[in-house]
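Listed here are the chains, written in short residue letters.
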2 protein chains.
Amino acid sequence: MLRLTKRSEYGLMALAFMAQSGQSYTSVREIVAKLRIPRRLLAEVLKDLSRAEIVEAVRGPGGGYRLTSPADQLSLARIVEILEGSVAVAKCADGSSCDLSPSCTIQEGINLVAQRVKSVLDDFTLAQLADRGPQGSQSVHEVAV
Amino acid sequence: MLRLTKRSEYGLMALAFMAQSGQSYTSVREIVAKLRIPRRLLAEVLKDLSRAEIVEAVRGPGGGYRLTSPADQLSLARIVEILEGSVAVAKCADGSSCDLSPSCTIQEGINLVAQRVKSVLDDFTLAQLADRGPQGSQSVHEVAV
DNA sequence: TGAATGGGCACTAAATAGATGCTATATTCT
DNA sequence: AGAATATAGCATCTATTTAGTGCCCATTCA
């Protein structure tokens, strides 16, 4: 339905929280306490972000996650791609040609649309997302470098 | 996954086909023969488009559907909205506030993203979509007025 | 050693999307 | 009138995707 999944929502919420918090490491427990989202699911999401090196993890007491790069250098496209595979508007717009309909005439156009949607996400950074929250407009850009 | 449903895909394919064909009325049978998509599903889609007055229907031999307005005056946003309810990138971006997380800080940002994605679809017309097909660059703009 | 914290794996449940069957109604043609 | 062509409506079934959970392991630190 042209909609982001919960994984993306949760991931973005968590990352924005980290960007805003200013702490060095933020644990799943803390995020869950603040954002009220399913603990285990958030853990899955953060694990994926950790694998993709969007965040780095430290175990043990005092541990948790932190961003590996400045929030203004992290695009939503990157995050969403990691969390839901791709941002393709249609299956035929991710490279795999539209085998279903050899005579489909809209593929080229759809691809263009897909590209534009992608650009929107490419151009939107985590910092921009976080800046608009309640604690926004502070120091999101320099956090967690 | 930020993806259009089959309903939208089929709808767009069919509408583009109609825009390109130059015929007055195009039947489901003809479209199916050409595009190889599930007949009954396409019928559902066209019925919805008919209800929304994107196309008008005529029954009986020689009947079928035709666009009610020029292809260059029909945005993808309009079509997609009809076929899948809305184009909201997140549930909290369609008016209904994000009740799940009172402390969600990204709502405002997500809304902005949603708006931009919407713009992409608002600015892309059926004519643009159809023009890129094999029979493109002809007379799509003046068809079926 | 024990408490805190992430990592991995497998699984269930819920929601959404895709597809189809059947019958009714309108229109045209013979 | 009757047959053929088309869309309209409704219900339903299935498949796929998404959401959410349980359990145990590994690491770190006091």
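Please refer to the structure higher up on the page.
Within any chain, residue numbers begin from 1 and follow the written order of that chain's sequence. Just so you know, chain letters begin at A and ligand numbers begin at 1, following the order they were written in. A pLDDT threshold of at least 70 governs which residues receive local features in this predicted model, and a stricter bar of 80 or more applies before side-chain atom pairs are shown or counted, although totals over entire chains, interfaces and linings include all residues. The side-chain quantities take in all heavy atoms of the structure and omit both hydrogens and water.

**Section: the protein's contact with DNA strand D**
Surveying the vicinity of DNA strand D reveals 26 residues, the closest of which are A:Lys6, A:Arg40, A:Pro61, B:Arg29 and B:Tyr65. The near set for a molecule or strand comprises every residue that places at least one heavy atom within 4 Å of it. Counting only the atoms of DNA strand D that lie within 4 Å of the protein, the sugar and phosphate share comes to 68%. Polar contact is defined as a pair of N or O atoms within 3.5 Å, subject to the rule that within protein one atom must be able to donate a hydrogen and the other to accept it, and that residues adjacent in sequence are counted only when both atoms are side-chain atoms. Taking A:Tyr10, its side chain carries an N or O atom lying 3.0 Å from a phosphate oxygen of DNA strand D. Between DNA strand D and B:Glu44, the relevant distance is 3.0 Å, taken from a base nitrogen to a side-chain nitrogen or oxygen of the residue. Helix and strand definitions here come from DSSP, where helices need a minimum of 4 consecutive H or I residues and strands a minimum of 2 consecutive E residues; each element is numbered from the N-terminal end. For the surface near DNA strand D, the secondary structure elements donating two or more residues are helix H1 (6–21) and helix H3 (39–51) of chain A together with helix H2 (28–35), helix H3 (39–51), strand S1 (55–58) and strand S2 (64–67) of chain B. Ten residue types, Ala, Val, Leu, Ile, Met, Phe, Trp, Tyr, Cys and Pro, are classed as nonpolar, four, Asp, Glu, Lys and Arg, as charged, and the remainder, Gly among them, as polar. Considering only residue class, the surface near DNA strand D consists of ten nonpolar, six polar and ten charged.

**Observations regarding the relation of the copies chain B and chain A**
Aligned on chain A, chain B shows an RMSD of 0.0 Å; the corresponding rotation is 180° and the shift along the axis is 0.0 Å. Both copies of the chain, as the preceding transformation shows, are related through a two-fold rotation axis. Of every C-alpha in chain B, the one belonging to B:Leu2 sits nearest the axis of rotation, 2.0 Å from it. Any two residues whose heavy atoms approach within 4.5 Å are treated as being in contact. Mapped onto chain A, 100% of the interface residues of chain B are again interface residues, and the two copies thus contact each other with one and the same surface. Here the copies are superposed with least squares, the fitted atoms being C-alpha atoms of residues at a pLDDT of at least 70 in both.

**Quick look at H3(B)**
Residues and elements named next belong to chain B. Any helix carries an expected span of 1.5 Å times its number of residues minus one. The first and last C-alpha atoms of H3 sit 18 Å apart over 13 residues, in line with the 18 Å expected at 1.5 Å per residue. Residues Leu-42, Val-45, Leu-46, Asp-48 and Leu-49 constitute the buried set of H3. Here the buried residues of H3 occupy an arc of 155° about the axis, which is enough to place them on one side. Exposed positions of H3 whose direction lies more than 90 degrees from the buried face are Arg-39 and Arg-51. Where the residues of H3 are buried, they touch helix H1 (6–21), H2, S1, S2 and helix H4 (76–84). Once H3 ends, the next one or two residues include Glu-53, with phi positive near 65°. Think of it in three bands: residues with accessible area under 20% of the maximum for their type are buried, residues over 50% are exposed, and the middle band is partly exposed, with areas taken using a 1.4 Å probe on protein chains only. Each direction from the helix axis to a C-beta atom contributes to the arc, which is the arc of those directions.

**Re the packing of H3(B) against H4(B)**
All names here are of chain B. Working convention: axes come from line fits to C-alpha atoms, limited for helices to the stretch in contact. Angles between N-to-C directions cover 0 to 180 degrees. At a minimum axis separation of 10 Å, H3 and H4 run at an interaxial angle of 115°. For H3 against H4, the interelement crossing comes out right-handed. The segment H3 lies against H4, with Val-45, Asp-48 and Leu-49 engaging Ile-79, Ile-82 and Leu-83. Considered class by class, the residues forming the contact of H3 with H4 number five nonpolar, no polar and one charged. By definition, any crossing whose near helix is turned counterclockwise from its far helix by less than a right angle is left-handed, and any crossing with a clockwise turn is right-handed.

**A short note on the protein's contact with DNA strand C**
Lining the immediate surroundings of DNA strand C are 26 residues, of which A:Arg29, A:Tyr65, B:Lys6, B:Arg40 and B:Arg59 lie closest. Taking all atoms of DNA strand C within 4 Å of the protein, the share assigned to sugar and phosphate is 62%. In this structure, a phosphate oxygen belonging to DNA strand C sits 3.1 Å away from a side-chain N or O atom of A:Arg51. Between a phosphate oxygen of DNA strand C and a main-chain N or O atom of B:Lys6, the distance comes to 3.0 Å. In terms of residue count, H3(A) provides more of the surface near DNA strand C than any other element does, five residues in total. When grouped by side-chain class, the residues that make up the surface near DNA strand C number ten nonpolar, six polar and ten charged.

**Quick word on the side chain of B:Ser86**
Secondary-structure assignment places B:Ser86 in the loop between H4 and helix H5 (107–122). Within the structure, B:Ser86 has its side chain in polar contact with the backbone nitrogen of B:Ala88 (distance 3.3 Å).

**Some remarks on H1(A)**
Residue and element names in this part refer to chain A. Taking 1.5 Å of rise per residue, the 16 residues of H1 would be expected to cover 22 Å, and the 22 Å separating its terminal C-alpha atoms lies within 8% of that figure. Summarising burial for H1: 13 of the 16 residues are buried, a large majority. Gly-22 occupies a position one or two residues after H1 and carries a positive phi of about 80°.

**A closer look at the pairing of strand S2 (residues 64–67) of chain A**
Residues and elements named next belong to chain A. Here the rule is simple: two strands pair whenever DSSP picks up at least two bridges between them. Here strand S1 (residues 55–58) pairs with S2 via four bridges, running antiparallel. Bridge pairing links Val-55 to Leu-67 in S2. The turn linking S1 back onto S2 is made up of five residues, and Gly-60 within it adopts a positive phi angle of 85°.

**A short note on the pattern of salt bridges**
A pair can form between side chains of opposite charge whenever their charged atoms are brought close. Salt bridge criterion: a side-chain nitrogen from Lys or Arg within 4 Å of a carboxyl oxygen from Asp or Glu. Counted under the stated rule, the structure contains 16 salt bridges over all chains. Between A:Arg66 and A:Glu56 there is a salt bridge, and its shortest N-O distance comes to 3.0 Å. Here A:Arg66 is found in strand S2, whereas its partner A:Glu56 is found in strand S1, with ten residues between them in sequence. Owing to a relative accessible area of 26%, A:Arg66 belongs among the partly exposed residues under this scheme. Residue A:Glu56 is classed as partly exposed on the basis of its relative accessible area, which comes to 31%. B:Glu44 is the partner of B:Arg40 in a salt bridge, and the nearest nitrogen-oxygen pair spans 3.4 Å. Taken together, the residues B:Arg40 and B:Glu44, both in helix H3 and four residues apart, mark about one turn of the helix. Under the relative-accessibility criterion, B:Glu44 is labelled partly exposed at 26%. A single network of salt bridges, built from pairs that share partners, joins A:Arg7, A:Asp48 and A:Arg51.

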